[in-house]
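Summary of the model geometry
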Amino acid sequence: MSKPFVFSGIQPNGDLNIGHYIGAIKNWLKLQEEYDCLYSIVDLHAITIPEKVKGKINNNIYDLLAWFLAFGLDINKSKIMLQSDNPDHPYLGWILNCFTPFGLANRMTQFKEKTSELKETISCGLFNYPILMAADVLLYDCDIVPVGEDQKQHLELARDVAQRFNSMYEPIFKLPEPLIQKNGARIKDLYHIEKKMSKSSKDEKGIIFILDSKENIYKKILKAPTDSKNSIQFNNQQPEIANLLNIYAGITDLSIKDIEAKYKNSDYKQFKEDLADIVWKFLENIQSQYHKYISDKSYLNKILDEGLAFSQAITNPKIKQVRKVLGISKT
Ligand code: TYM
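Below you will find a few notes about this structure. (Residues numbered from 1 in each chain as written. Predicted model: local features only at pLDDT ≥ 70, side-chain atom pairs only at ≥ 80, totals over all residues. Heavy atoms only, no water.)

1. Focus on the packing of aromatic side chains
Note the following rule: The pairing test for Phe, Tyr and Trp rings, Trp by its six-membered ring, is centres within 6.5 Å, and the orientation test on the planes gives stacked under 30 degrees, edge-to-face over 60, and tilted for anything in between. Each helix is a run of H or I in the DSSP string that is no shorter than four residues. Each strand is a run of E no shorter than two, and both are numbered from the N terminus. Burial status follows relative accessibility: with a 1.4 Å probe on protein chains alone, a residue under 20% of its type maximum counts as buried, one over 50% as exposed, and anything between as partly exposed. Working rule: Lys NZ or Arg CZ, within 6 Å of ring centre, within 35 degrees of ring normal, means a charge sits over the ring.
Tallied over the entire structure, the rule returns 20 aromatic pairs. Their ring planes at 0° and their centres at 4.2 Å tell us that Trp28 and Tyr39 sit as a pair that is stacked. Taken together, the positions of Trp28 in helix α1 (residues 18–31) and Tyr39 in strand β2 (residues 36–41) put the pair 11 residues apart, joining distant regions of the chain. When its relative accessible area of 0% is taken as the criterion, Trp28 is described as buried. Assessed through its relative accessible area of 0%, Tyr39 is described here as buried. Counting every residue linked through ring pairs, the aromatic cluster contains Tyr21, Trp67, Phe71, Phe282 and Tyr290. Sitting above the plane of the Tyr191 ring, Lys205 keeps its charged end 4.5 Å from the centroid. Sitting over the face of the ring of Tyr62, Lys297 holds its NZ or CZ atom 4.6 Å from the ring centroid.

Right, dumping it as structure tokens:
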């Protein structure tokens, strides 16, 4: 029996923050120890908001790859591919578009949120984005998809579309299972606690970027708003402290209970100072790894070439199978 297959991706839109690590990459690292893993730099997703990446996408791609390596993706265990390198992704994306009821795609909450933000500049690509994501995972008969909470609905759509295709034609697509952490699946903006930590926020003081300086990290964490209870406990009434606890647990691997016990008699100042120390020590090391990898472009290109070959060895036969089942191939 072959090992279960894992696929996941991140957009190269220059937005890498601590939420991406805690919500997704951390699980990627664990999974590579046991499973066959393919991780993707999903640039075709990134161009669904062209204003965000115009003139920067190429650099963003190499940056993200260097970050993947810096975090600990091991190319002897995981493969990494650039989504746009393999045309089978958008090819299957188009086919799945034809199997996705408009009403189903129109229910995606992330699209609704973006519509209110981007208004008339919103692209059709952004509407179709979850369908391309469905293609990404269904192409590989993927078993596990490690993601943050915001991607759960998109994976449900992938399962629905696969089921629809399977029941209309032949059961050729495996239904993927999302893998979402119990804690840290949605790291929130430090200032806008109702929103996920993401660059689409108006200001950046609530976002801990992976490339932030020591000074910025301390400033952001020490000034992060909290309540007046001065009690370090994880509950719904203290969403800001719960968010900081999730960040603490996400970086250290201590359980929330252990952290609560550790700070039972401490005040917010002490807790925040410790958290800033922990986050900075972690990122300082990742940043130095990143600087090492980003300067070696030929190595980075080699990784993407190998990732592409690995990927196409799986997707070319899959596309053939899909065409045959659909009846759109030569006979
Ligand atoms: P993207 O690029 O927005 O985010 C990448 C991953 O990071 C997670 N994430 C977070 N987790 C916790 N807290 C946060 N604040 C936070 N911000 C981001 C996301 O949930 C995601 O897992 N559509 C996807 C990329 C994609 C994909 C795929 C993923 C394309 N094809 C196939 C899995 C499988 C996206 O835009 O993620």
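2. Things to note about the site of the ligand
Just so we agree on the cut-off: A single heavy atom is enough: if one lies within 4 Å of a molecule or strand, its residue is considered near that molecule or strand. Between N or O atoms, a polar contact is any pair within 3.5 Å; within protein, one atom must be a potential hydrogen donor and the other a potential acceptor, and residues adjacent in sequence are included only when both atoms are from side chains. Here, Shrake-Rupley sampling with a 1.4 Å probe gives the accessible areas, and only protein chains in the shown set may cover a residue. Residue polarity follows a fixed list, in which Ala, Val, Leu, Ile, Met, Phe, Trp, Tyr, Cys and Pro are nonpolar, Asp, Glu, Lys and Arg are charged, and the others, Gly among them, are polar.
Looking at the ligand, there are 25 residues lining it, with Gln11, Tyr129, Asp136, Asp150 and Ile187 nearest. A distance of 2.6 Å separates an oxygen atom of the ligand from a polar atom in the side chain of Gln11. Measuring from a nitrogen atom of the ligand, one finds a side-chain N or O atom of Gln151 at 3.2 Å. The fraction of the free accessible surface of the ligand (710 Å²) that becomes covered by protein chains is 97%. Those elements that provide at least two residues to the shell around the ligand are β1 (5–10), α1 and α8 (124–138). Here the shell around the ligand is composed, by residue class, of 12 nonpolar, 10 polar and 3 charged.

3. Observations concerning the pattern of salt bridges
Stated formally: Salt-bridge detection follows one rule: a side-chain nitrogen of Lys or Arg within 4 Å of a carboxyl oxygen of Asp or Glu.
Per the stated rule, a full pass over the model turns up 12 salt bridges. Here Lys174 ties to Asp143 by a salt bridge, and the two come within 2.9 Å at their closest N and O atoms. Here Asp143 lies in the loop between α8 and β4 (144–146) and Lys174 lies in the loop between α9 (152–168) and β5 (177–179), a separation of 31 residues in the sequence. Residue classification places Lys174 among the partly exposed positions, given a relative accessible area of 39%. Close ionic contact of Asp203 with Lys205 constitutes a salt bridge, the shortest N to O distance being 3.7 Å. Lys205 sits in the partly exposed class, given a relative accessible area of 40%. In the salt-bridge network here, residues are joined through shared partners; they are Glu33, Asp74 and Lys77.

4. Looking at the pairing of β1
Which entries qualify depends on this criterion: One bridge is not enough; two strands pair if DSSP finds at least two bridges between them. Handedness of a crossover is defined as follows: with both strands directed away from the viewer, a clockwise route from the first strand across the helix to the second makes it right-handed.
With 5 of its 6 residues buried, β1 lies for the most part within the structure. As paired elements, β1 and β2 share 6 bridges and run parallel to each other. Within β2, the residue paired with Phe7 across the bridge is Leu38. What joins β1 to β2 is α1, and the crossover it makes is right-handed.

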